[in-house]
Amino acid sequence: MSETVTINGREHVVDVEDEMPLLWFLRDRLELIGTKYGCGMGLCGSCTVHIDGKAMRSCLTPVSAAYGKSVTTIEGLSPDGSHPLQIAWLNNNVPQCGYCQSGQIMAAADFLASNPAPSAEEIDAAMHGNICRCGTYKRIRKAIADAAEQMRGA
Ligand code: FES
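Residues numbered from 1 in each chain as written. Predicted model: local features only at pLDDT ≥ 70, side-chain atom pairs only at ≥ 80, totals over all residues. Heavy atoms only, no water.

1. Structural notes on the overall build of the chain
Then comes step 1: Counting its regular elements, the chain contains 5 helices and 5 strands.
Then comes step 2: Relative to the globule expectation of 15 Å for 154 residues, the C-alpha radius of gyration of the chain, 15 Å, shows essentially globular dimensions.
Then comes step 3: Its C-alpha atoms put the chain at 45 × 30 × 25 Å along the principal axes.
Then comes step 4: Here the chain, with 154 residues, has 43% of them falling under the buried criterion. (Helix = DSSP H or I, 4+ residues; strand = E, 2+ residues; numbered from the N terminus. Rg over C-alpha atoms; globule rule 2.2 N^0.38 Å. Buried < 20%, exposed > 50% of the residue type's maximum accessible area, 1.4 Å probe, protein only.)

Shown next as structure tokens:
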């Protein structure tokens, strides 16, 4: 029996070994290259995706862990790039080199789902595992606060 994973709303038959990191399956098999490889050791957060709505490190997650589940990548966060976090990211000119940003946004989306009105300290605590080599942390914090405000008003 073939195993399947739903990715960004579309079901995919998994034709790779169970142990393949989900990140490889997304990038190399499905060409969903918005999710980035940073450290490969669960330390940087650049590979963050959602599995059944929870932020996970796809570099450490075997594709088999997503069998029968729903995976969302940055490409699937919104149909047209209009998620409040994506808008806030643009409005605050958050990215510098951009490499970590999809992981940052996916981590932030999970965080705001459980804490819709976070303080600056709570944002920093929630996001501390997502590393930005350009040091865009102040803008990330502002964008998350702006998105939270926008989402509360919506
Ligand atoms: Fe997965 Fe760094 S690449 S945490």
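2. Remarks on the pairing of strand β4 (residues 54-57)
Then comes step 1: Relative to β4, strand β3 (residues 48-51) is paired through 4 bridges, and the arrangement is antiparallel. What sits directly across from Val49, in β4, is Met56.
Then comes step 2: Hairpin geometry of β3 and β4 is characterised by an intervening segment of 2 residues between the two adjacent antiparallel strands and by a positive phi of about 45 degrees at Asp52. (Pairing = 2+ DSSP bridges.)

3. Describing the nonpolar core
Then comes step 1: Formed by 20 residues in total, the largest nonpolar core has its most connected members in Leu85, Trp89, Leu112, Met127 and Ile144.
Then comes step 2: When residues of this core are assigned to their parent elements, the largest contribution, 7 residues, is made by helix α3 (residues 101-114).
Then comes step 3: Setting aside residues up to four positions removed in sequence, Met127 forms contacts with Gln104, Ala107, Ala108, Ile140 and Ile144.
Then comes step 4: Formed by 14 residues, the second largest nonpolar core is a distinct cluster that contains Val5, Ile7, Leu22 and Phe25. (Core = buried A, V, L, I, M, F, W, Y, C linked by side-chain atoms within 4.5 Å. Contact = heavy atoms within 4.5 Å.)

4. Details of the sheet that holds strand β2 (residues 10-13)
Through backbone hydrogen bonds, the strands of a sheet pair up, either in parallel or in antiparallel fashion.
Then comes step 1: Judged by pairing direction, the sheet is mixed, and its 5 strands sit side by side in the order β2-β1-β5-β3-β4 without closing on themselves. In this open sheet, the two edge strands, each paired with only one partner strand, are β2 and β4. Sheet twist, expressed as the mean angle between neighbouring strand axes with direction ignored, is 35 degrees.
Then comes step 2: Contacts from helix α1 (residues 22-29) reach β1 (4-7), β2, β3 and β5 (70-72), with the element oriented near 105 degrees to β3.
Then comes step 3: Contacts from α3 reach β3, β4 and β5, with the element oriented near 35 degrees to β3. (Axes fitted to C-alpha atoms, helices over the stretch in contact; angles between N-to-C directions.)

5. Observations regarding the pattern of salt bridges
Then comes step 1: One pass over the structure, following the stated rule, counts 4 salt bridges.
Then comes step 2: The salt bridge involving Arg141 is made with Asp124; its shortest N-O contact spans 3.0 Å. Of this pair, Arg141 sits in helix α5 (residues 137-153) while Asp124 sits in helix α4 (residues 120-127), and the two are 17 residues apart along the sequence.
Then comes step 3: Judged by its relative accessible area of 29%, Arg141 is partly exposed.
Then comes step 4: The partner of Lys142 in a salt bridge is Asp146, and the shortest N-O contact between them spans 2.9 Å. On the criterion of helical spacing, the pair formed by Lys142 and Asp146 is a turn pair, its members being 4 residues apart in helix α5.
Then comes step 5: Judged by its relative accessible area of 25%, Asp146 is partly exposed. (Salt bridge = Lys/Arg side-chain N within 4 Å of Asp/Glu carboxyl O.)

6. A short note on the packing of α4 against α5
Then comes step 1: Two numbers describe how α4 lies on α5: the axes approach to 10 Å, and their chain directions differ by 115 degrees. As for the relative orientation of α4 and α5, their crossing is right-handed in sense. For the pair α4 and α5, contact is made by Ala120, Ile123, Asp124 and Met127 and by Ile140, Arg141, Ile144 and Ala145, respectively.
Then comes step 2: Here the residues of the contact of α4 with α5 are counted per class, giving 6 nonpolar, no polar and 2 charged. (Left-handed = near helix turned anticlockwise from the far one by under 90°. Nonpolar A, V, L, I, M, F, W, Y, C, P; charged D, E, K, R; others polar.)

7. A few points about the packing of α3 against α5
Then comes step 1: Contact geometry of α3 with α5 gives a least axis separation of 11 Å together with a crossing angle of 40 degrees. With respect to each other, α3 and α5 are oriented oblique. Seen from above, α3 lies across α5 with right-handed handedness. On the side of α3, the interface is formed by Gln101, Gln104, Ala108, Phe111 and Leu112, while α5 contributes Ile140, Ile144, Ala147, Ala148 and Met151. (Parallel < 35°, antiparallel > 145°, perpendicular 65-115°, else oblique.)

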